[in-house]
Amino acid sequence: MPAPPAHPIERALNAARLAARCSAVCLVLAAVALLAGCGDRGGAAASGEIYRDPSQSIEARVADLLSRMTLEEKIEQMHGVSLPDSRGLNPTAINERLGIANFEMVDGARGVSAATGAATTFPVGSARGATFAPDLEVEVGRAIGSETRAKGGNVILAPVINLLRHPRWGRAQETYGEDTFHLGTMGAGFIQGAQEHVIANAKHFALNSIEDDRFTVDVHVDERTLREVYLAHFKRAVDAGVGSIMCSYNMVNGSYACENTHLLHDILQGEWGFDGFVESDWVLGTRSTVPSALAGLDIEMPTGHYFAEPLVDAVNGGAVPLPVINDAVKRILRAKFRFGIFDGKPPLDPATTVESPEHTALAREVEEKAIVLLKNDQAALPLVRDQVHRVAVVGVLAATPNLGDTGSSLAVPSYTITPLDGLQSHAGPVEIVDLSHDTLSAADQAQVAAADAAVVVVGLTHVDEGEGLVAAGDRKTLDLSAGQQQLILDVAKQNPRTIVVLEGSGAILMENWVDQVSAVVMSWYPGMEGGNAIAEVLFGDVDPSGKLPVTFPRSADQLPPFVNDQNDVTYGYYSGYRYLDKNGFDPRYPFGFGLSYTTFSFQNLTLARSTIAPGGTLHATVDVSNTGTQGGDEVVELYVGYQGSRVDRAVRDLKAFQRVSLGPGETRTVALDVAAADLAFWDVDTNAFVVEPITYTVEVGSSSRDLPLGATFSISPP
Ligand code: BGC
């Protein structure tokens with residue numbers, strides 16, 4: 001809490017006492033202090049302490065407070081002070097003299113960090129990406145933000161919005177997917193919700209998508225690829241008002257991200273006008289004193305190594321101009337005023353918010369909407385209760401809480417519903433045969449054969465993928481283990497109605513077994529309530545409606561190379577579905593794909609105008625019908641292509657999407673908007689985004705490869 005302002009009389013007395021004890025120089029200083037106090041009229045504002053007066057503008061408060069700070073006090077604001085404290089929070093310094101409260105930071109990619117004790121543990125980021133529901137992500141952000149505040153934190157180190165360049169990235173699960181538009185939209189949702197309670201932190205800026213060599217890798221990227229593919233979603237986070245950004249461990253074009261002038265000073269703080277603070281990733285994130293400060297790094301975390309005394313010395317020695325420090329401290333103070341931290345706000349959320357019934361229900365709802373039905377031959381699913389009498393549930397993972405990585409995103413709930421738990425509690429009259437192990441005896445095989453259906457739960461765990469150094473690192477392969485593949489084949493041999501439930505961060509190759517099974521469901525790392533949601537989908541209580549936010553290829557050859565053991569890599573313009581489209585590859589399941597128990601059709605794509613101005617917006621509408629006999633959700637996806645562009649462009653880019661709930665037989669008109677500015681390319685000749693006056697193709701449908709409706713429009717010359 002900020003210290004109460006000193007009364008002017010008390011300040012004058014202190015100055016006089018000081019004067020009585022010190023030298024002539026000191027006497028002069030004391031007199032100055034006394035005179036300064038003379039202007040005070042009582043109270044914060046009247047005492048001249050504009051910074052303590054919440055009715056003043058933030059900029060006025062920042063300027064006033066800054067003017068009162070010594071160099072040492074300023075630099076003390078620019079670094080963390082310890083590893084997690086007893087509450088599991090990472091603090092920066094409190095300034096008692098001026099009453100400056102500190103940041104209390106904590107991780108929370110899927111729920112508030114395990115370091116703080118139990119918390120609602122949501123499905124991971126890739127699962128949440130699969131909902132294609134930014135409104136739901138607002139709620140997730142709000143819930144995680146509220147639990148963070150209840151635990152004393154005021155900065156949540158989330159969302160992760162690194163573009164998934166390759167599914168072997170160890171932290172693939174933490175991000176929303178492989179498309180910049182979708183990623184930015186989902187991230188903006190989280191930020192909006194979280195910042196009702198705390199400051200959000202979009203990370204890791206930038207091009208952090210390899211784990212094993214994350215501390216050393218130099219990612220080379222050309223300017224156009226950087227701007228269009230790897231930074232566009234961070235720009236959306238800035239536009240959404242994110243309060244802080246974490247720079248990453250890796251280098252970009254020869255310079256560490258946290259001392260990268262181009263990334264931080266030129267683009268983030270310059271062109272984008274980001275006025276929040278930039279903090280480094282932990283321990284090895286900050287690599288220097290002078291280059292980092294000059295580049296625009298504001299806070300070294302978790303402690304002050306480069307940004308403590310060495311930075312004071314660098315300023316005193318002239319290597320870092322004082323205005324650089326002032327700008328950094330302004331960004332820090334601005335955030336403290338903007339989010340109420342300086343004024344002792346926001347208040348702590350009640351402890352009862354942590355794992356509240358509302359939050360755990362939200363975790364379940366998110367997973368219900370995240371599960372992707374990939375294959376469903378002969379209506380193997382749902383398992384209709386009065387038609388199916390006995391279901392064998394196979395595989396160790398069926399009975400294993402499998403919530404994701406054990407690195408910094410580790411969150412632990414006080415309970416986890418496994419798939420087996422969920423199936424048992426939702427079975428009603430159906431008999432569940434528990435075969436939750438990975439090797440089947442002859443007796444087990446007979447049980448599988450005797451069941452009406454077999455559910456095999458397989459996939460990845462924290463042993464296969466996770467954060468580098470502190471956890472598993474990058475995936476070694478896109479395949480399931482040989483044992484799991486064999487298990488699927490063994491079960492499929494015994495039971496013609498074999499349903500595979502996959503867990504993990506994302507793409508899993510399945511060519512060796514997919515044709516042998518009837519149904520495949522992707523459930524991701526499903527969160528603490530995941531087993532309930534999985535059971536609801538399998539029994540048909542909930543219609544599956546998730547869509548893949550990442551491509552599931554047929555082989556690793558369909559993806560760009562993934563190099564995790566070299567210190568130099570080059571990221572090209574194409575990855576994900578844009579890479580497959582460009583190369584004419586046929587994925588196993590494309591980006592945006594997901595089946596339902598009902599059917600949908602699309603009609604009447606209408607564009608409000610056939611020509612729009614370069615600063616205008618395309619307004620499109622499309623009718624979506626539920627042509628089946630039960631309710632369900634469809635995600636309407638709109639992609640744009642480019643005719644006659646003067647640069648090489650993607651076959652299509654996702655530019656709008658909308659989830660819509662439809663009852664049986666219902667039709668709704670869905671509106672989709674695309675800003676012309678979002679169709680620009682980065683022109684390397686003029687160093688600017690250019691909206692081309694060309695013809696654009698609009699395609700609308702239910703996945704990046706199922707786009708039944710098309711139209712064209714033009715953008716007029718400027
Ligand atoms: C991770 C960050 C995390 C930080 C603090 C780092 O190693 O890369 O994502 O916020 O640790 O735990």
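Residues numbered from 1 in each chain as written. Predicted model: local features only at pLDDT ≥ 70, side-chain atom pairs only at ≥ 80, totals over all residues. Heavy atoms only, no water.

J.: For this particular structure, what's the right way to read helix H19 (residues 576–583)?
T.: Each α-helix turn comprises 3.6 residues. Residues three or four places apart therefore point the same way. Burial analysis of H19 places six of its eight residues in the buried class, the great majority of the element. Among all positions in H19, only Gly-576, Tyr-577, Arg-578, Tyr-579, Leu-580 and Asp-581 are buried. Looking at the buried side of H19, the elements it contacts are helix H8 (223–230), strand S20 (632–643) and strand S21 (653–662). Count one or two residues on from H19 and you reach Gly-584, which has phi positive near 65°. (Buried < 20%, exposed > 50% of the residue type's maximum accessible area, 1.4 Å probe, protein only. Helix = DSSP H or I, 4+ residues; strand = E, 2+ residues; numbered from the N terminus. Contact = heavy atoms within 4.5 Å.)

J.: Looking at this model, I keep getting lost on helix H15 (residues 419–426). Mind explaining?
T.: Looking at H15, one finds that the buried residues are Pro-419, Leu-420, Gly-422, Leu-423 and His-426. Each buried residue of H15 lies within a common arc of 165° when the element is viewed along its axis, so the set occupies one face. In this structure, the buried residues of H15 make contact with helix H14 (357–370), strand S11 (390–394), strand S12 (431–435), strand S13 (453–459), strand S14 (498–503) and helix H18 (530–539). Once H15 finishes, Gly-428 follows within two positions and takes phi at roughly 55°, a positive value. (Arc of directions from axis to C-beta.)

J.: Hey, could you run me through the sheet that holds strand S8 (residues 255–256) in this one?
T.: Taken together, four strands build an open sheet; the order of strands is S8-S7-S5-S16 and the sheet is mixed. Each edge of the open sheet is held by one strand with a lone partner, namely S8 and strand S16 (568–571). In terms of strand pairing, strand S7 (residues 251–252) meets S8 through two bridges, oriented antiparallel. The partner of Val-252 across the bridge, within S8, is Ser-255. (Pairing = 2+ DSSP bridges.)

J.: Just checking my understanding: could you explain the side chain of Ser-702 for this structure?
T.: Its place among the elements puts Ser-702 in the loop between strand S25 (695–701) and strand S26 (709–715). Beyond its immediate sequence surroundings of up to four residues, Ser-702 is in contact with Lys-547, Gly-592, Phe-593, Phe-602, Glu-634, Val-635 and Glu-637.

J.: Looking at this structure, I do not really get the sheet that holds strand S1 (residues 90–91). What am I missing?
T.: Two pairing modes exist for strands in a sheet, parallel and antiparallel, and in both the strands are linked by backbone hydrogen bonds. Strand order across the open sheet formed by six strands is S1-S2-S3-S4-S6-S9, with mixed pairing between neighbours. Unpaired on one side and paired on the other, S1 and strand S9 (277–280) mark the two borders of the sheet. Where strand S6 (residues 244–247) lies against S9, four bridges are found, and the strand directions are parallel. Each residue of the ladder has a partner; that of Cys-247, found in S9, is Ser-280.

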